[in-house]
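# Tertiary structure, described
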Amino acid sequence: MATTLVATTEATFARQILRADCPVLVCFGVRTCPARRALLPILTRIAVAFQGQLRVATVLLDDAPLLAEQYGIVASPTLGVFHHGERQGQVVGFIPEGLVQVLAEEVCHGAVSGDTRWSPCEERFETAVIIPLLAQWEFTVERQVPCALPSHPTAQRGRIDLLVYDHPSRPPVTLIESKRQIRHAQDLQQAVRQAATYAHALALASFVIAAPRGLWIYRYGDAGAVCERHFTSLALHQTPELPRHLLLQLRAGGAAA
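One structure accompanies this document, and this report is about it. The model shown is predicted, which means the values in this text are computed figures rather than measured ones.

## Here we look at the environment of W216
In this structure, W216 sits in strand β10 (residues 214-221). Looking at W216, the relative accessible area reads 6%, which means it is buried. Along the primary structure W216 and V112 are separated by 104 residues, whereas in three dimensions their C-alpha atoms are 28 Å apart. Sequence-distant contacts of W216, defined by excluding residues within four places in its chain, comprise I182, L188, F207, V208, I209, A211, C227, R229 and H230.

See below:
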C-alpha cells in the first residue's frame, strides 16, 4: 500500500476509493484553500503511520464537480471516510493533527460508521490536542477538578474539565471547558454559562471554551463574560503561541489588542 497521498479524480474514484480493500480517508478540497494546504503534510504523515491499515487520498474539487455534488461536499476541506464502497463519516474544516490521528485510529478499529459528522469524545480530544498544546506553552494542568458552587441553592459541586497553571506556587492561569462539538451559538452559550460559574467560584480572570473548531477565550470580571478572541483550529496550527500570551495578559489585568 502507498505511504504517500493518493491523488484521486472522478475517473479513478471508484477504483481507488470505493473498491479499496481497506478503509480510505479522503480529503476533498479546492486548490487554493489554505486549510487544505495545511492538512496535506499532516495527511502524509498519517499515511505513513497507518501503512497497511488505511489509505489516504485527496480529491481536488476544482476538477471533480460531480463528486462534490454526489457526496454533498460544500466546504473545503472536508475529510470523508469510505469503506466497502460507502461513506462512513466526515469532518468539515481543518482539524489538528492529533485529531486526524484519533480519527485514523477509530477508522482502523471500525469505530466510525454512519454517514454523519465525526467528532471525538471530550477525553480523547483533550488528550490528543489540548494537553499537548498546554505542554507546548509550558503550562501544567489538572483534569476533572471538583469545584464547589456556593451560589447554587443546593451547594452543588461541579467538575472543571481542565485547570491550567504556569507555576505550582501561583494561582491558576485559567480554566478550560472542553466540548465534543460547538455547532451552534446555543452550544457556545451553554458552555460559557458553565465555565463562567467555575471562573466566578475560583475568582479567575478568564476561561476558555475548547472544541475541535478551536478556542474561545473569555475575559471574566464584574461585567461578566466577554469573548476576547476566537482562535480557529487553523489559526492555532499556524500561530500556536498567541493564546498563551493572551491568557497571561488577561491574568495580569490587561486587555486584548
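What follows continues from the structure just given.
## Observations regarding the state of the cysteines
Here the structure, examined in full by the defined rule, presents zero disulfides. Lacking any disulfide linkage, C33 is separated from the closest cysteine sulfur, that of C27, by 8.2 Å. Of all cysteine sulfurs, the one in C22 lies closest to C108, which takes part in no disulfide; the gap is 8.3 Å. We classify C108 as partly exposed; its relative accessible area is 24%.

## Digging into the nonpolar core
The biggest cluster of nonpolar side chains holds 47 residues, and the ones touching the most others in it are L79, L103 and I130. Core analysis: the next-biggest nonpolar cluster, separate from the first, contains 22 residues, I182, A199, I209 and Y220 among them.

## Quick notes on the sheet that holds strand β5 (residues 86-92)
In space, the five strands of this open sheet follow the order β1-β3-β2-β4-β5, with mixed pairing throughout. The open sheet has two free edges, formed respectively by β1 (6-8) and β5, since each of these has just one partner strand. Going across the sheet, the axis of each strand differs from the next one's by a mean of 25°, ignoring polarity. Across three bridges, the pairing between β1 and strand β3 (residues 55-60) is parallel. Bridge pairing links T8 to V59 in β3. Along the sheet, helix α4 (residues 97-108) contacts β2 (24-29), β4 (78-83) and β5; its crossing angle with β4, the most-contacted strand, is approximately 15°.

## Things to note about the pairing of strand β8 (residues 174-178)
Counted residue by residue, β8 has five buried out of five residues, so it is predominantly covered. Across the two faces of β8 the burial is the same, with T174, I176 and S178 and L175 and E177 all buried. The sheet contact formed by β8 and strand β9 (residues 206-211) spans three bridges and is parallel. Residue pairing in the sheet places E177 in a bridge with I209 of β9. Crossover handedness for the path β8 to helix α6 (residues 185-202) to β9: right-handed.

## Focus: the pattern of salt bridges
One side chain can pair with another of opposite charge once the charged atoms of both are near each other. Evaluated as defined, the whole model comprises ten salt bridges. Between R124 and E106 there is a salt bridge, with its nearest N and O atoms 3.5 Å apart. Taken together, the residues span a long stretch of sequence, with R124 in helix α5 (residues 122-136) and E106 in helix α4 at a distance of 18 residues. You can call R124 partly exposed: its relative accessible area is 31%. Here E228 and R219 are joined by a salt bridge, their closest N and O atoms 2.6 Å apart.

## Comments concerning the environment of S178
Turning to its location among the elements, S178 is positioned in strand β8. The spatial distance from the C-alpha of S178 to the C-alpha of A210 is 4.6 Å, given a sequence separation of 32 residues. Non-local contacts of S178, meaning those with residues more than four positions away in its chain, are made with E122, F125, E126, D161 and A210. One polar contact links S178 to E126, side chain to side chain, over a distance of 2.4 Å.

## What about the sheet that holds β9?
What the six strands build is an open sheet, ordered β6-β7-β8-β9-β10-β11; its pairing is mixed. For this open sheet the edge positions go to β6 (140-148) and β11 (224-232), each flanked by a neighbour on one side alone. Strand-to-strand twist of the sheet, defined as the mean angle between neighbouring strand axes without regard to direction, takes the value 30°. Two elements, β9 and β10, share six bridges in a ladder whose sense is antiparallel. For A210, the partnering residue across the bridge sits in β10 and is L215.

## A short note on the packing of aromatic side chains
Counted by the stated rule, this structure contains eight aromatic pairs. With centroids separated by 6.3 Å and ring planes inclined at 55°, the aromatic side chains of F28 and F82 adopt a geometry described as tilted. Here the residue F28 occupies a position in strand β2, and F82 occupies one in strand β4, the gap between them amounting to 54 residues. Both residues of the pair, F28 and F82, belong to the buried class. Aromatic ring contacts, followed pair by pair, group F13, F28, Y71 and F82 into a single cluster.

Calculation criteria
Residues numbered from 1 in each chain as written. Predicted model: local features only at pLDDT ≥ 70, side-chain atom pairs only at ≥ 80, totals over all residues. Heavy atoms only, no water. Helix = DSSP H or I, 4+ residues; strand = E, 2+ residues; numbered from the N terminus. Buried < 20%, exposed > 50% of the residue type's maximum accessible area, 1.4 Å probe, protein only. Contact = heavy atoms within 4.5 Å. Disulfide = S-S within 2.5 Å. Core = buried A, V, L, I, M, F, W, Y, C linked by side-chain atoms within 4.5 Å. Pairing = 2+ DSSP bridges. Axes fitted to C-alpha atoms, helices over the stretch in contact; angles between N-to-C directions. Right-handed = clockwise from strand over helix to strand, strands pointing away. Salt bridge = Lys/Arg side-chain N within 4 Å of Asp/Glu carboxyl O. Polar contact = N/O pair within 3.5 Å; in protein donor to acceptor, adjacent residues only side chain to side chain. Phe/Tyr/Trp six-rings, centres within 6.5 Å; stacked < 30°, edge-to-face > 60°.

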